[in-house]
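Spelled out, the chains give:
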Amino acid sequence: MSRFVLKRRPAEDTPPETPVDDEAVADTPERAPAPAQEEPEPPARERPEIDGDMLEAKLQIHNKLIDELDLSNLDQMTPEELRTQIGVFVTKAIADQRLPMGAAEVKDFTDDIVNEMVGLGPLEPLLQDDSIADILINGYNQVYIERGGELELSNARFRDNLHLRRIINKIVSAVGRRVDEGSPLVDARLADGSRVNAAIEPIAIDGPLVSIRKFSKKPFTLEKLVEFQAIPKPVADFLYGAVKSRVTAIISGGTGSGKTTLLNALSAAISHKERLITIEDAAELQLQQPHVARMETRPANLEGNGEIKQRELVKNALRMRPDRVILGEVRSEEAFDMLQAMNTGHEGSMATIHANNPREAITRLEQMVAMGGLRISQEAVRGQISAAIGIIIQAQRLSDGSRRITHVTEVTGMEGEVIQMQDLFVFKRVDTGEDGTVIGEFRATGLRPKCLDEMTRKGIVVPAETFDPSKPLLSVGGKNG
Ligand SMILES: Nc1ncnc2c1ncn2[C@@H]1O[C@H](COP(=O)(O)OP(=O)(O)O)[C@@H](O)[C@H]1O
Ligand SMILES: [Mg+2]
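Residues numbered from 1 in each chain as written. Chains lettered and ligands numbered in written order. Predicted model: local features only at pLDDT ≥ 70, side-chain atom pairs only at ≥ 80, totals over all residues.

K.L.:
Lay out the overall build of the chain with the relevant residues and their values.
P.N.:
Helix and strand counts for the chain come out as 15 helices and 16 strands. Pairs at least 24 residues apart make up 58% of the contacts formed inside the chain by residues separated by at least 6 positions. (Helix = DSSP H or I, 4+ residues; strand = E, 2+ residues; numbered from the N terminus. Contact = placed C-beta atoms within 7 Å.)

K.L.:
Give a detailed account of the site of ligand 1, specifying residues and quantitative values.
P.N.:
Near ligand 1 there are 15 residues, and of these Ala 230, Gly 258, Lys 259, Thr 260 and Thr 261 occur at the shortest range. A per-element tally of the shell around ligand 1 places helix α10 (residues 259–266) first, with 3 residues. Taken together, the residues of the shell around ligand 1 break down into 5 nonpolar, 7 polar and 3 charged. (Near = placed C-beta within 6 Å. Nonpolar A, V, L, I, M, F, W, Y, C, P; charged D, E, K, R; others polar.)

K.L.:
Please give an account of the sheet that holds strand β6 (residues 209–213) that cites residues and values.
P.N.:
The pairing of strands in a sheet comes from backbone hydrogen bonds and takes either a parallel or an antiparallel form. Read from one edge of the open sheet, 6 strands run β3-β2-β1-β6-β5-β4, paired in antiparallel fashion. Two strands lie at the open edges of the sheet, namely β3 (150–153) and β4 (185–189), each paired on one side alone. If you compare each strand with its neighbour and ignore which way they point, the axes differ by 15 degrees on average. The pairing of strand β1 (residues 132–138) with β6 spans 5 bridges and is classified as antiparallel. Within β6, the residue paired with Asp 134 across the bridge is Arg 213. (Pairing = 2+ DSSP bridges. Axes fitted to C-alpha atoms, helices over the stretch in contact; angles between N-to-C directions.)

K.L.:
Explain the packing of helix α11 (residues 310–317) against helix α12 (residues 334–343) to me, using residue names and the numbers behind them.
P.N.:
In the contact formed by α11 and α12, the axes pass within 8 Å of each other and the chain directions differ by 20 degrees. The pairing of α11 with α12 is recorded here as roughly parallel in orientation. Relative to α12, the crossing made by α11 is left-handed. Two secondary-structure elements touch here, α11 through Gln 310, Arg 311, Val 314 and Lys 315 and α12 through Glu 334, Asp 337, Met 338 and Ala 341. Among the residues making up the contact of α11 with α12, the classes are represented as 3 nonpolar, 1 polar and 4 charged. (Parallel < 35°, antiparallel > 145°, perpendicular 65-115°, else oblique. Left-handed = near helix turned anticlockwise from the far one by under 90°.)

K.L.:
Any chance you could break down helix α7 (residues 161–174) for me, citing the residues and the numbers?
P.N.:
End to end, α7 covers 20 Å across 14 residues, agreeing with the expected 20 Å (1.5 Å per residue, within 8%). Buried within α7 we find Leu 164, Ile 167, Ile 168 and Ile 171. Taken end-on, α7 shows its buried residues confined to a sector of 100 degrees, consistent with a single buried face. Among the exposed residues of α7, those oriented more than 90 degrees off its buried face are Leu 162 and Ser 173. Looking at the buried side of α7, the elements it contacts are β1, β4, β5 (195–199) and β6. Directly beyond the C-terminal end of α7, a positive phi value near 70 degrees is found at Gly 176. (Expected span 1.5 Å × (residues − 1). Buried ≥ 20, exposed ≤ 12 C-beta atoms within 10 Å, placed from the backbone. Arc of directions from axis to C-beta.)

K.L.:
Pulling in residues and values, what's your account of the nonpolar core?
P.N.:
Core analysis: the biggest nonpolar cluster contains 67 residues, and Leu 225, Val 235, Leu 239, Ala 249, Met 338 and Ile 393 have the highest contact counts within it. Apart from residues no more than four positions distant in its own chain, Met 338 is found in contact with Val 314, Leu 327, Val 330 and Ala 351. One finds Leu 120, Ile 145, Ala 156 and Leu 209 within the second-largest nonpolar core, a separate group that totals 25 residues. (Core = buried A, V, L, I, M, F, W, Y, C linked by C-beta atoms within 7 Å.)

K.L.:
Account for the pairing of strand β11 (residues 350–354), with residues named and values stated.
P.N.:
Of all the 5 residues making up β11, 4 are buried; the element is thus mostly covered by neighbouring parts of the structure. By the bridge criterion, 5 bridges tie strand β7 (residues 249–253) to β11 in an arrangement that is parallel. Bridge pairing in β11 links Ile 251 to Thr 352. Of the pairings in the sheet, the one linking strand β10 (residues 324–327) to β11 comprises 2 bridges and is parallel in character. When the sheet's bridge partners are listed, Ile 326 is paired in β11 with Met 350. Taken together, β10, α12 and β11 form a β-α-β motif whose crossover is right-handed. (Right-handed = clockwise from strand over helix to strand, strands pointing away.)

K.L.:
Outline the packing of helix α13 (residues 358–371) against helix α14 (residues 378–388), supporting the account with residue identities and numerical values.
P.N.:
How two helices pack is summed up by the angle between their axes together with the distance between the axes. In contact at an axis separation of 10 Å, α13 and α14 are set at 125 degrees when each is read in the N-to-C sense. The angle between α13 and α14 places the two elements in the oblique class. Where α13 crosses over α14, the handedness of that crossing is right-handed. Contact residues: α13 offers Ile 362, Leu 365, Glu 366 and Val 369, while α14 offers Val 381, Arg 382 and Ile 385. For the contact of α13 with α14, the residue count by class is 5 nonpolar, no polar and 2 charged.

K.L.:
Account for the sheet that holds strand β16 (residues 474–476), with residues named and values stated.
P.N.:
The sheet built from 10 strands is open, its strands ordered β9-β8-β10-β11-β7-β12-β13-β14-β15-β16 with mixed pairing. Of all the strands in the sheet, the pair left with one neighbour each is β9 (292–296) and β16. Averaged over neighbouring strand pairs, the angle between their axes works out to 25 degrees when direction is ignored. Contacting β13 (403–415) and β14 (418–432), α14 runs over the sheet at an angle of about 120 degrees to β13.

K.L.:
Explain unusual backbone geometry to me, and be specific about the residues and the numbers.
P.N.:
A cis amide bond links Glu 201 to the next residue, Pro 202, at an omega of 5 degrees. When you line up the elements, Pro 202 lands in the loop between β5 and β6. For Arg 98, which is not glycine, the phi torsion reads 50 degrees and is therefore positive. Within the fold, Arg 98 resides in the loop between α4 (79–97) and α5 (103–118). A count of 7 C-beta atoms within 10 Å places Arg 98 in the exposed class.

That is the geometry; function is a separate question.
Set out below in structure tokens:
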């Protein structure tokens, strides 16, 4: 507890809500719209600095509460019940001590205590404020927040670095990790999916450094990606149909190119009757299905034991009756098990891979399988790959910052020892606009996808124009962009 409310901000201080500006969003497809622009929300009410005496009084009440409240009962109470109980206690304690506090102040005080006991203390109001995208803590008394793309110093404070460390421990221990002088860097995740990185002393010099990337509650849909011109509508429709009819898809791209975003968006095509199992190093997928079993790897503990790798999770997933296995990112030996899954009744499984083009994605897969040290010939590996994978979708962040789907490529089989691939749709850069934007167009190559037969059998109709190479499906950049 470090803050205390002495007076409220006058209402007229509250900034007016900014209107939604859809056009501004559409004009800058390379930028994810800040949540603040989509749904303006008033910023968290500011709380003024603390008065020393009040802080002391408050600490006393807090300690008394911990002494008198039956802590063993805490687990059985809902946060609402806890809030009510604490509210009663606090009101009485304040009256006993004749502290000059109004009803709203008592409520803030109660909230602070509840947040401290069941939540993450001073971080709670920031976590609950959807207009905040990032929280960056540089020691106990400096908490920055990012809102609408801009950084600002918030009023949140911890009591001291020890208090901050306690909150960090609470976060990392909830996901079975630890942080101490021996391993002062840690990645973790909050219950709501927000990603946390913490660095403590001695690596961090002036007190613990914590970076929280808040989970965006609304992942981009395919419609949004079409709106941002990341992908032409006909191609999005084709991919939707392909995923729906269980064509196995790999999404390839560099870091931050939009792979996970596309995977999330495409998952909307999967029937709600299917059982999905997701496997990730750090859970970030937001699949749109009700029936998702999520698993996450675990790093080794301090003694070097207990590591659970993706490979084990993929193997285990196959014993869990999945309809599809979704691998957040394939990066190593688990590639082999993933391919096996895809070839043995789990068609329509999906994964992302770090590669610069579809051909490279295949080469990387081969290398990953080799990392497992299995004694199988290169030819056999290639056979597995070509049998397992239907399409490769390449995502790319272009030089102007825009993110586009640059290739949709089909794996068609083997010829001799070579995996055969054909591009179905490509984004071609034509020029650079005066404004520095990449001018380019998406076009079909005119090749008819082999998977179309299967799609048609399953009742999915793709209009013939989708594959017409004579005119671009979408032109972007320059003045039109
Ligand atoms: N087409 C797009 N337009 C605008 N922003 C995008 C687009 N695709 C992804 N993003 C944003 O880019 C960032 C990185 O995306 P992500 O899918 O996590 O990339 P990757 O998985 O390739 O590292 C995220 O903040 C995401 O919201
Ligand atoms: Mg990703």
